[in-house]
Amino acid sequence: MTDIIQELENRRSAARMGGGQRRVNVQHSKGKLTARERLEVLLDEGSFEEYDMFVSHKCTDFGMEEEHIPGDGVVTGWGTINGRMVYVFSQDFTVYGGSLSETHAKKICKVQDMAIRNGVPIIGLNDSGGARIQEGVAALAGYTSVFQNNIKASGVVPQISVIMGPSAGGAVYSPALTDFVFMVRDTSYMFLTGPDVVKTVTNEIVTAEELGGAKTHTTKSSVADGAFENDMDALMEVRRLFDFLPLNNKSKPPVRPFFDGYMRKEPSLNTLIPDNTNTPYDMKELVLKLADEHDFYEIQKDFAKNILTGFIRLEGSTVGVVANQPMVLAGCLDINASRKAARFVRFCDAFEIPLLTLVDVPGFLPGTSQEYGGVIKHGAKLLYAYGEATVPRVTVITRKAYGGAYCVMSPKHLGGDVNYAWPTAEIAVMGAKGAVEILHRADLADGEKITALTSNYEERFANPFVAAENGFIDEVIMPQNTRMRVARALAGLKSKDVKNPWRKHDNLPL
Ligand code: HXC
């Protein structure tokens, strides 16, 4: 019996060595943690339960039959984050460069299946040279099964990917199918075809970092939702995000203890809006002042900065925030902002997270690059996302809500449940100057007349009262009371139960 137990211990120790000390040293010398060290940081201490530790590959080509490393380059199982269960897989770059074989894929699929069956989120830590070259099509088949499971899990359980090394070729599509993708600066990259192929095909000379590093994907492509300095930071931030999320599409997000009464007034908000209606102010200040303990988890903070998306808590419960940012492009909606916000709204709706929309938007950004880029279709994504969202929705218009952008930003007619405006709100088809120039084109030379007409228009429309008289705004509220008003509105919507008509699935304008 002692011998048998000793054998188990020996086998476990061998598996924990991964690709051996030399390769572990190389991993560390790049500033990277190993697959198992990463799981220790991500999960609560001692909570990790490993599966398939002894699984090994079935390949008999290229001399592979001579070498079998237990675990086959990926560590899988489950653990807890602040006491809540999560399935995990962590690719081990020290074993065949973390490359994906048929058995490696089966291990990932097993935890994906369990996550779906048990209604538990799944987090993947990616560090891989892609398809196991020695296995050929068997590895491709394995990838495709992982993709299929990503799609099955979408909207059922939250899926988070952290890119902590290479992610190249078709392999990038598993993270791309998940809800959130995070990258580690300088040590991770994602691209379909690497710099060498790019040079051969297009003659462009580009480094791996420029082509697919964290900066590229968080500022240009929006493939990634956030970038962090190192492995530790990335994993700690994923723990922080996890605490905002529900376990699955049928359970509510966790209610965390809060030490910040919802009645907290913020008199400074009464002067947040500058006297000059065209002067920018920082919408993030409002978000932070509304949030419990001023805690805002921003998603895609370096992309399309003209709109803010992220999570806060009100009275301990998670709320998804979408807010125009007047500091960038005057808060205009454009292609990128529409795509960014639409995806966020759809995530929140899929997982029953209530939405708070803060509006200060002068309209859609004009210009050929926007029109040629399909701003009509991309803007429609946001319109569609709000229009189909059945979660509790509260909207606060702080200043401008003009034209089509008013129609998009969760007004009552698009299913907004409780819509507030600050006294500084201007709800109109367009700004006064533009309106007068169109309506009185013949008088444009008469400066005095135009000024008078403009102030006339401002007086009539640059306020929230026309909308309030029509019931399009439920109440004009004091800025300082916004936290209380929003919290109470959401409390009143807790048992909201609205369903869209049955359909196989919708046809979102992609
Ligand atoms: C098998 C691999 C491997 C792979 C790396 N290794 N990639 N083994 N299959 N795909 C092994 C190496 O042989 C080496 O083994 C160890 O991992 C570490 O690799 P190094 O090259 O020494 O590391 P590094 O210098 O850091 O370079 C990492 C790398 C490079 C940039 C990822 O290894 C590389 O370019 N690999 C190939 C990438 C690739 O073309 N993959 C296929 C993409 S197409 P030893 O024994 O020396 O430690 C694809 C299709 C998916 O993935 C389609 C899905 C639909």
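Everything here concerns the structure above.
This structure is a prediction, so every number in the text was calculated from the model and none was measured. (Residues numbered from 1 in each chain as written. Predicted model: local features only at pLDDT ≥ 70, side-chain atom pairs only at ≥ 80, totals over all residues. Heavy atoms only, no water.)

**Q** So what exactly am I meant to see when it comes to empty space enclosed by the protein here?
**A** Unfilled space is identified by rolling a water-sized probe across the atoms. In the structure shown here, the tally under the stated rule is three cavities of 30 Å³ or more. There is about 100 Å³ of room inside the largest cavity. Around the largest cavity sit 15 residues that line it, and Gln91, Asn126, Tyr143, Ala171 and Ser174 are the ones nearest its centre. When residues of the lining of the largest cavity are traced back to their parent elements, those giving at least two are strand S3 (84-91), helix H5 (137-153), strand S6 (166-168) and helix H6 (173-176). (1 Å grid on protein atoms, 1.4 Å probe; cavity = no way out; pocket = protein on both sides within 12 Å on 5 of 7 lines; lining within 4 Å. Points joined across faces, edges and corners; volume = space filled by probe spheres on them. Helix = DSSP H or I, 4+ residues; strand = E, 2+ residues; numbered from the N terminus.)

**Q** Honestly, the nonpolar core in this entry has me stumped. Any pointers?
**A** Nonpolar side chains in soluble globular proteins generally cluster together in the buried interior. Counting residues in each nonpolar core, the largest one holds 62 residues, and the members touching the most others are Leu42, Ile123 and Phe311. Ranked by residue count, the leading element in this core is helix H12 (residues 335-350), at seven residues. With residues up to four places along the chain from it excluded, the contact list for Ile123 reads Leu42, Ile81, Val86, Tyr87, Val88, Phe89, Ile160, Val162, Val238 and Phe242. Counting residues in hydrophobic clusters, the runner-up holds 28 residues, among them Tyr281, Val287, Ala291 and Tyr420. (Core = buried A, V, L, I, M, F, W, Y, C linked by side-chain atoms within 4.5 Å. Buried < 20%, exposed > 50% of the residue type's maximum accessible area, 1.4 Å probe, protein only. Contact = heavy atoms within 4.5 Å.)

**Q** Looking at this model, I keep getting lost on the pattern of salt bridges. Mind explaining?
**A** Side chains carrying opposite charge are able to pair once their charged atoms draw close together. This model, assessed by the stated rule, comprises 31 salt bridges. Here Asp243 makes a salt bridge to Arg256, at a shortest N to O gap of 3.6 Å. Of the two residues, Asp243 is situated in the loop between helix H10 (231-242) and helix H11 (283-290) and Arg256 in the loop between H10 and H11; the sequence distance between them amounts to 13 residues. Between Asp292 and Arg483 there is a salt bridge, and its shortest N-O distance comes to 3.0 Å. Taken as a pair, Asp292 in the loop between H11 and strand S10 (297-299) and Arg483 in helix H19 (residues 482-492) lie far apart in primary sequence, 191 residues in all. Here Asp292 and Arg483 have matching classes, each one buried. (Salt bridge = Lys/Arg side-chain N within 4 Å of Asp/Glu carboxyl O.)

**Q** Please explain the sheet that holds strand S7 (residues 180-184) as it appears in this structure.
**A** Sheet strands associate in pairs through backbone hydrogen bonding, adopting either a parallel or an antiparallel arrangement. Strand order across the open sheet formed by seven strands is S1-S2-S3-S4-S5-S7-S9, with mixed pairing between neighbours. Edge strands, defined here as strands with exactly one partner in the open sheet, are strand S1 (49-51) and strand S9 (226-228). Here the strands of the sheet are splayed against their neighbours by 20° on average, with no regard to which way each runs. Both strand S4 (residues 122-126) and strand S5 (residues 159-163) contribute to a ladder of five bridges, which runs parallel. Bridging across to S5, Gly124 finds its partner in Ser161. Strand contacts of helix H4 (residues 102-118): S1, strand S2 (74-81), S3 and S4, with the helix running at about 165° to S3, the strand carrying the most contacts. (Pairing = 2+ DSSP bridges. Axes fitted to C-alpha atoms, helices over the stretch in contact; angles between N-to-C directions.)

**Q** I would appreciate a short explanation of the environment of Ala425 in the present structure.
**A** For Ala425, the location among the structural elements is in the loop between strand S15 (418-421) and strand S16 (426-428). The spacing of Ala425 and Val359 is 66 residues in sequence and 9.2 Å in space, taken between C-alpha atoms. Every residue in contact with Ala425, bar those within four places of it in the chain, is listed here: Ile397, Thr398, Arg399, Ala462, Asn463 and Pro464.

**Q** Explain the packing of aromatic side chains to me, please; I cannot follow it from the model alone.
**A** To describe a pair of aromatic rings, one takes the distance between the centres and the angle between the planes. Counted by the stated rule, this structure contains 11 aromatic pairs. Residues Tyr457 and Phe461 carry aromatic rings whose centres are separated by 4.9 Å and whose planes lie at 50° to one another, so their mutual orientation is tilted. On the criterion of helical spacing, the pair formed by Tyr457 and Phe461 is a turn pair, its members being four residues apart in helix H17 (residues 447-461). Among the residues examined, Phe461 registers a relative accessible area of 28% and is labelled partly exposed. Taken together, the aromatic side chains of Phe180, Phe244, Tyr297, Phe311, Phe344, Phe347 and Phe351 make up a single cluster linked through ring pairs. Between Lys32 and the ring centre of Phe93, over which it is positioned, the NZ or CZ distance is 4.7 Å. (Phe/Tyr/Trp six-rings, centres within 6.5 Å; stacked < 30°, edge-to-face > 60°. Lys NZ or Arg CZ within 6 Å of the ring centre and 35° of its normal.)

**Q** What is the right way to read the side chain of Asn306 from this model?
**A** Within the element layout of this structure, Asn306 appears in the loop between S10 and strand S11 (307-314). One polar contact links Asn306 to Asp334, side chain to side chain, over a distance of 3.2 Å. Excluding residues within four positions of it along the chain, Asn306 makes contact with Ala323, Asn324, Gln325, Val328, Leu329, Gly331, Cys332, Asp334 and Ala337. (Polar contact = N/O pair within 3.5 Å; in protein donor to acceptor, adjacent residues only side chain to side chain.)

**Q** Hey, could you run me through the site of the ligand in this one?
**A** In the vicinity of the ligand, 20 residues are found, and the nearest of them are Arg23, Gly97, Gly129, Ala131 and Ile133. Within the backbone of Gly97, one N or O atom sits 3.0 Å away from an oxygen atom of the ligand. The separation between a nitrogen atom of the ligand and a polar main-chain atom of Ala131 is 2.9 Å. Starting from 1000 Å² of accessible surface for the ligand in isolation, the protein chains cover 54%. Counting only elements with at least two residues in the shell around the ligand, the list comes to H5 and S6. Here the residues of the shell around the ligand sort into 11 nonpolar, six polar and three charged. (Near = heavy atom within 4 Å. Areas by Shrake-Rupley, 256 points an atom, 1.4 Å probe, with all protein chains shown as cover. Nonpolar A, V, L, I, M, F, W, Y, C, P; charged D, E, K, R; others polar.)

**Q** Just to check I follow, could you spell out the layout of surface pockets for this structure?
**A** In this structure, the second largest pocket spans a volume of roughly 490 Å³. Split by residue class, the lining of the second largest pocket holds 13 nonpolar, five polar and eight charged.

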